[in-house]
Number of protein chains: 4
Amino acid sequence: MDIQNCSYLCKKENLKIRLSRIEGQIKGIEKMIEEGKYCIDVLNQIAAVRAALKKVGIIILKEHTKGCVLNSKGTGEEEEKISELMELIEKFLR
Amino acid sequence: MDIQNCSYLCKKENLKIRLSRIEGQIKGIEKMIEEGKYCIDVLNQIAAVRAALKKVGIIILKEHTKGCVLNSKGTGEEEEKISELMELIEKFLR
Amino acid sequence: MDIQNCSYLCKKENLKIRLSRIEGQIKGIEKMIEEGKYCIDVLNQIAAVRAALKKVGIIILKEHTKGCVLNSKGTGEEEEKISELMELIEKFLR
Amino acid sequence: MDIQNCSYLCKKENLKIRLSRIEGQIKGIEKMIEEGKYCIDVLNQIAAVRAALKKVGIIILKEHTKGCVLNSKGTGEEEEKISELMELIEKFLR
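Residues numbered from 1 in each chain as written. Chains lettered and ligands numbered in written order. Predicted model: local features only at pLDDT ≥ 70, side-chain atom pairs only at ≥ 80, totals over all residues. Heavy atoms only, no water.

### A closer look at the pattern of salt bridges
Counted by the stated rule, this structure contains 36 salt bridges over all chains. Of the charged contacts in the structure, one is a salt bridge between A:E79 and D:K66, with a shortest N-O distance of 3.3 Å. Placement of A:E79 in helix α3 (residues 78–92) and of D:K66 in helix α2 (residues 39–71) is noted, with the two residues assigned to different chains. Judged by relative accessible area, A:E79 falls into the partly exposed class, the value being 43%. For D:K66, a relative accessible area of 26% puts it in the partly exposed group. C:E34 serves as the salt-bridge partner of D:K16, at 2.6 Å between the closest nitrogen and oxygen. Within this pair, whereas D:K16 is found in helix α1 (residues 12–34), its partner C:E34 is found in helix α1 (residues 12–34), the two belonging to separate chains. (Salt bridge = Lys/Arg side-chain N within 4 Å of Asp/Glu carboxyl O. Helix = DSSP H or I, 4+ residues; strand = E, 2+ residues; numbered from the N terminus. Buried < 20%, exposed > 50% of the residue type's maximum accessible area, 1.4 Å probe, protein only.)

### With respect to α1(D)
For α1(D), which comprises 23 residues, the first-to-last C-alpha distance of 33 Å matches the rise-based estimate of 33 Å (1.5 Å per residue) to within 8%. Those residues of α1(D) that sit buried are D:L15, D:L19, D:I22, D:E23, D:I26, D:I29, D:E30, D:M32 and D:I33. Lining the buried residues of α1(D) we find α1 and α2 (39–71) of chain C together with α2 of chain D. Two residues or fewer after α1(D) comes D:G36, characterised by a positive phi angle close to 70°. (Expected span 1.5 Å × (residues − 1). Contact = heavy atoms within 4.5 Å.)

### Observations regarding the environment of B:V69
With respect to the element layout, B:V69 can be found in helix α2 (residues 39–71). When the C-alpha positions of B:V69 and B:V56 are compared, they lie 18 Å apart, and in sequence the two are 13 residues distant. Those residues within four positions of B:V69 in sequence are excluded, and the remaining contacts are B:H64, B:K81, B:I82, B:L85, C:T65 and C:L70.

### Thoughts on the relation of the copies chain A and chain B
Comparison of the two chain copies shows a relationship of rotation about an axis with a shift along it. The transformation that overlays chain A on chain B combines an axial shift of 0.0 Å with a rotation of 180°, and the residual RMSD is 0.0 Å. On this basis, the relationship between the two copies can be described by a two-fold rotation axis. A shared interface surface links the copies, since 100% of the contact residues of chain A are contact residues in chain B too. (Least-squares fit on C-alpha atoms with pLDDT ≥ 70 in both.)

### As for α3(A)
Because each turn of an α-helix spans 3.6 residues, side chains separated by three or four positions in sequence point in the same direction. Taking 1.5 Å of rise per residue, the 15 residues of α3(A) would be expected to cover 21 Å, and the 21 Å separating its terminal C-alpha atoms lies within 8% of that figure. Looking only at α3(A), the buried set comprises A:K81, A:I82, A:L85, A:M86, A:L88, A:I89 and A:F92. Projected down its long axis, α3(A) shows its buried positions confined to an angular sector of 160°, all on one face. Turned more than 90 degrees off the buried face of α3(A), the exposed positions are A:E80 and A:E87. Looking at the packing, one finds that the buried side of α3(A) touches α2 (39–71) of chain A, α2 of chain B together with α2 and α3 (78–92) of chain D. (Arc of directions from axis to C-beta.)

### Some details on the interface of chain A and chain B
Every contact between the two is made by 46 residues of chain A and, on the other side, 46 residues of chain B. For the pair chain A and chain B, the summed buried surface comes to about 4,500 Å²; carbon and sulfur atoms form 70% of the total. Among the residues chain A hides against chain B, the three largest losses belong to A:I33, A:Y38 and A:R50. Together they make up 16% of the total. Summed over the shared surface of chain A and chain B, the result is six salt bridges. Mapped onto the side of chain A that touches chain B, the elements with two or more residues apiece are α1 (12–34), α2 and α3 of chain A. (Buried area = accessible area lost by both parts, 1.4 Å probe.)

### Thoughts on the confidence of the model for chain A
Residues and elements named next belong to chain A. For chain A, per-residue confidence averages 87 on the pLDDT scale, and 91% of positions sit at 70 or higher. When pLDDT is averaged over each helix and strand of chain A, the minimum, 85, is found for α3 and the maximum, 96, for α1. The complex prediction reports pTM at 0.84, with the ipTM value standing at 0.85. (pLDDT = per-residue confidence, 0-100.)

### Some words on the side chain of C:E78
Relative to the assigned elements, C:E78 resides in helix α3 (residues 78–92). Buried and unpaired, C:E78 has no salt bridge, with C:K73 as the nearest side chain of opposite charge at 7.7 Å. In this structure, C:E78 is in contact with B:L70, C:S72 and C:K73, ignoring residues within four places of it in sequence. (Lys, Arg positive; Asp, Glu negative; His and termini not counted.)

### Structural notes on the packing of α2(A) against helix α3 (residues 78–92) of chain B
Remark: α2(A) packs on α3(B), axes separated minimally by 10 Å, with the N-to-C direction vectors making an angle of 15°. In terms of axis orientation, α2(A) runs roughly parallel to α3(B). The element α2(A) and its partner α3(B) pack so that their crossing is left-handed. Only B:E84, B:L88, B:K91 and B:F92 of α3(B) make contact with α2(A), whose side of the interface consists of A:I40, A:L43, A:N44, A:I46, A:A47 and A:R50. Among the residues making up the contact of α2(A) with α3(B), the classes are represented as six nonpolar, one polar and three charged. (Axes fitted to C-alpha atoms, helices over the stretch in contact; angles between N-to-C directions. Parallel < 35°, antiparallel > 145°, perpendicular 65-115°, else oblique. Left-handed = near helix turned anticlockwise from the far one by under 90°. Nonpolar A, V, L, I, M, F, W, Y, C, P; charged D, E, K, R; others polar.)

### Overview of the nonpolar core
Of all hydrophobic cores here, the largest spans 124 residues; its most connected members are A:I60, B:I60, C:I60 and D:I60. If sequence neighbours within four positions are ignored, D:I60 has contacts with C:I33, C:C39, C:V42, C:L43, C:I46, D:Y8 and D:L15. (Core = buried A, V, L, I, M, F, W, Y, C linked by side-chain atoms within 4.5 Å.)

### A look at the environment of A:K81
In this fold, A:K81 is placed in helix α3. Exposure remark for A:K81: the relative accessible area of 15% places this residue in the buried category. With 11 residues separating them in the primary sequence, A:K81 and A:L70 have C-alpha atoms 9.1 Å apart. Apart from residues lying up to four places away in sequence, A:K81 is in contact with A:C68, A:V69, A:S72 and B:Y38. Within polar-contact distance, the side chain of A:K81 engages the side chain of B:Y38 at 2.9 Å. (Polar contact = N/O pair within 3.5 Å; in protein donor to acceptor, adjacent residues only side chain to side chain.)

The structure is reproduced here in structure tokens:
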């Protein structure tokens, strides 16, 4: 863990607001299921939360590329950092 | 809203357990960001939550197809129900 | 293989046109790589082809649901047909 | 277009082999539809081609990050290059 390089921290407040909103949405979905809401509405809400989480992921990914990946240039760790990034993108692409 | 047709309710307990676990994971991500954890670890957690939400979606989608979609057969609403299902799948495919 | 149930055949001409266009796009990507085009442009083309293939998949999926899935109602094969459909959607969701 | 930076060219032969295989798969799907094959089999083939295209995309994305993105360090173009990369990833994430 290299906090200096992890520049997503400059987006910390933005990310916290997004995540607390997502938490509220999850609670909302639990309530919808409790109340037996129409399945299509529940599924739409789930799709919305997945999109919101993707957005959070993209923000961190961007800061990570600006920080950790770019800063690896010339350190001999480029290959490793970029492979790690690609693995992650593949995982997100599911 | 047609509760009788919405057969996901038979999976209610299963779904509630999954969603409360997801809520815990979201809280975990907030904590990771608060503590400045390595971005790759945060991103892996986000990918895990997205996969868990996809699973919840698939469960509801399956019950929805068994219930609402199959039961529309012969009612004249098939076309509408199936279009609604496809729109939903397209939305999830993002 | 059950041709009577596979109602995608009524979309045969539409699907063939789409696929031959996709084939042309693939050839275009090969040419772009041959000529050393800017990677972002190549990647945009790949994303476009993936979206076009998704569209073809959605068309077949819709006809499949109208045909094979809906027609399984009351035959005792519903469970199997719907499980098959969900597996497929999960595969597409990657 | 900056060929020097576009290091995907070192993977040119690999990419051409992959794309010509994909072209063959598309032709195979056209033939399956022509012959009225079972929709699930057609859909499985489409999912396979989409996965193969994703793989091609990841290879180019990796070389692009190694080349264009990493080489932008210190040129004042980092922000632009990384924004471009993220836009692309978002597009692929659909």
